[in-house]
Amino acid sequence: MTIKESIQGARKIVIKIGSNTLAKKDGTINAAYMEQFAAACAALIKQGKQLIIVSSGAQVAGLSTIKGWAHKRDVHYRQALCAIGQVELMDRWRAAFGSQGIHVAQLLLTKEDFDDDHRTLNIRNTMFTLVDENVVPIINENDSVAFDEIRIGDNDNLSALTAILWSADLLILFSDIDGVYTDNPKSNPGAQLVESVTDIAALRSQITIGSTNSFGTGGIETKIQAAEKTTQSGIPLILSNGGSGNSLLALADGTQRGTLFLADETSLFRAITGNA
């Protein structure tokens, strides 16, 4: 299966946008990008797709609003910055999707929400209701109240948990890299893009996993963790570069490359049938 085919065959798609993707070079929020991305989402929705967005960027949006806090590293300032930035981030998304005639809704979640059956049922029902009413849910971790014990820690894994809970057909992770490489392409020009993955354990033994990037909380490791979660639940995952607001449509028409993690149909069959 190709990336184009996986998007064509999916009706329910979760899309994660990373902080680096939403930030301009000066570290402030990229409103023009968000407008383009919302237009791309609207095009897919017109094709009958249902979308949920997992959006990073609260800190970036906060720094765009209160630039004097850029060097404050105290955790309380970080959490306060996220509280400020989340308002700004959602306002930008509201405006971007509003220009396409689409309403958005906000869901802020923590690890505890996914660990509690009653909460997960409420989240699932809310997501289904919003999407059925043509509202795009925009999800982020509730960084202002989360601490180590209840933090998911990165939106790659949050988007995987969301995709599984919503029974999505596909998860797309947009980052500032083209996909999984055999080594860090920023430091090794000879690194090769891995375009299709069927065995994640084998992949881990064949690649070099680097550290997190400048604005984000994840890195290639959290993206592989997300792929492990979704593929075991029968949900393929695409990792690609979200640097252009048209990246979503480019993936859909097959003109943009990325890494496709194919779903583990055997694990899905065992989960459905209860067979070991």
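Above this note sits the structure.
Residues numbered from 1 in each chain as written. Predicted model: local features only at pLDDT ≥ 70, side-chain atom pairs only at ≥ 80, totals over all residues. Heavy atoms only, no water.

A. Region of the structure containing the pairing of strand 9 (residues 237–241). For strand 9, a buried count of four out of five residues is recorded, marking the element as mostly surrounded by other parts of the structure. Pairing of strand 5 (residues 170–175) with strand 9, which is carried by five bridges, proceeds in the parallel orientation. Counterpart to Ile172 in the pairing with strand 9 is Ile238. In the sheet, strand 9 pairs with strand 10 (residues 259–261) via three bridges, with the strands oriented antiparallel. Note on strand 10: the bridge partner recorded for Leu239 is Thr259. (Buried < 20%, exposed > 50% of the residue type's maximum accessible area, 1.4 Å probe, protein only. Helix = DSSP H or I, 4+ residues; strand = E, 2+ residues; numbered from the N terminus. Pairing = 2+ DSSP bridges.)

B. Structural context of the environment of Leu121. Examined against the element boundaries, Leu121 turns out to sit in helix 7 (residues 117–132). Through-space distance from the C-alpha of Leu121 to that of Leu165 is 8.8 Å; in sequence the pair is 44 residues apart.

C. Looking closely at the nonpolar core. Counting 37 residues, the largest nonpolar core has Ile15, Phe37 and Ile172 as its most contacted members. If you tally residues by element for this core, the top one is helix 3 (residues 31–46), at eight residues. When near neighbours in sequence (up to four residues on either side) are disregarded, Ile15 contacts Phe37, Cys41, Leu51, Ile52, Ile53, Val54, Ile172, Phe174 and Leu248. Counting 33 residues, the second largest nonpolar core, distinct from the first, contains Ile52, Ile123, Ala160 and Leu237. (Core = buried A, V, L, I, M, F, W, Y, C linked by side-chain atoms within 4.5 Å. Contact = heavy atoms within 4.5 Å.)

D. Up close: the pattern of salt bridges. Tallied over the entire structure, the rule returns nine salt bridges. For Arg94, the salt bridge is made with Asp91, and the minimal N-O distance between the two is 3.0 Å. Placement of both Arg94 and Asp91 in helix 5 (residues 75–98) is noted, with a separation of three residues, approximately one turn of the helix. The class of Asp91 is partly exposed, set by a relative accessible area of 35%. Among the salt bridges present, the one from Glu228 reaches Arg204, with a minimum N-O distance of 3.1 Å. Here Glu228, found in helix 10 (residues 220–232), pairs with Arg204, found in helix 9 (residues 200–206); they are 24 residues apart in sequence, far enough to count as distant. Since its relative accessible area comes to 25%, Glu228 is described here as partly exposed. Each of Lys16, Asp156 and Lys223 takes part in one network of salt bridges that share partners. (Salt bridge = Lys/Arg side-chain N within 4 Å of Asp/Glu carboxyl O.)

E. Spotlight on the side chain of Asn142. With respect to the element layout, Asn142 can be found in the loop between strand 4 (135–141) and helix 8 (155–166). Not counting residues up to four positions away in its chain, the partners in contact with Asn142 are Leu108, Leu109 and Thr110.

F. A look at helix 3. Across its 16 residues, helix 3 extends 23 Å between first and last C-alpha, which sits within 8% of the 22 Å expected from 1.5 Å per residue. What helix 3 keeps buried is the set Tyr33, Met34, Phe37, Ala38, Ala40, Cys41, Ala42 and Leu44. The positive-phi residue at the C-terminal boundary of helix 3 is Gly48, with phi of around 100°. (Expected span 1.5 Å × (residues − 1).)

G. Quick look at the pairing of strand 4. Strand 4 sits mainly inside the fold: seven of its seven residues count as buried. On strand 4, burial covers both faces: Val135, Pro137, Ile139 and Glu141 on one face and Val136, Ile138 and Asn140 on the other are all buried.

H. Fine view of the sheet that holds strand 5. Taken in spatial order, the eight strands line up as 3-4-2-1-5-9-10-8 in an open sheet, and their pairing is mixed. Of all strands in the sheet, those bounded by a partner on one side alone are strand 3 (103–109) and strand 8 (196–197). With two bridges connecting them, strand 8 and strand 10 associate as parallel partners. Following the sheet pairing, Ser196 is matched in strand 10 by Leu260. Packed on one face of the sheet, helix 5 meets strand 2 (50–55), strand 3 and strand 4 and runs near 155° to strand 3. (Axes fitted to C-alpha atoms, helices over the stretch in contact; angles between N-to-C directions.)

I. Representation of helix 7 within the structure. Helix length check: helix 7, at 16 residues, gives a terminal C-alpha distance of 22 Å against a target of 22 Å (1.5 Å per residue), a fit within 8%. Of all the residues in helix 7, the buried ones are Thr120, Ile123, Met127, Leu130 and Val131. In a view along the axis of helix 7, the buried residues occupy a sector of 100°, so they form one face of it. For helix 7, the exposed residues lying more than 90 degrees away from the buried face are Asp117, His118, Thr129 and Asp132. In this structure, the buried side of helix 7 is in contact with strand 2, strand 3, helix 6 (111–115), strand 4 and helix 8. Near the N-terminus of helix 7, the side chain that reaches the backbone nitrogen of His118, with its oxygen 3.0 Å away, is that of Asp116. Directly after helix 7, the chain includes Asn134, whose backbone phi takes a positive value near 65°. (Arc of directions from axis to C-beta. Polar contact = N/O pair within 3.5 Å; in protein donor to acceptor, adjacent residues only side chain to side chain.)

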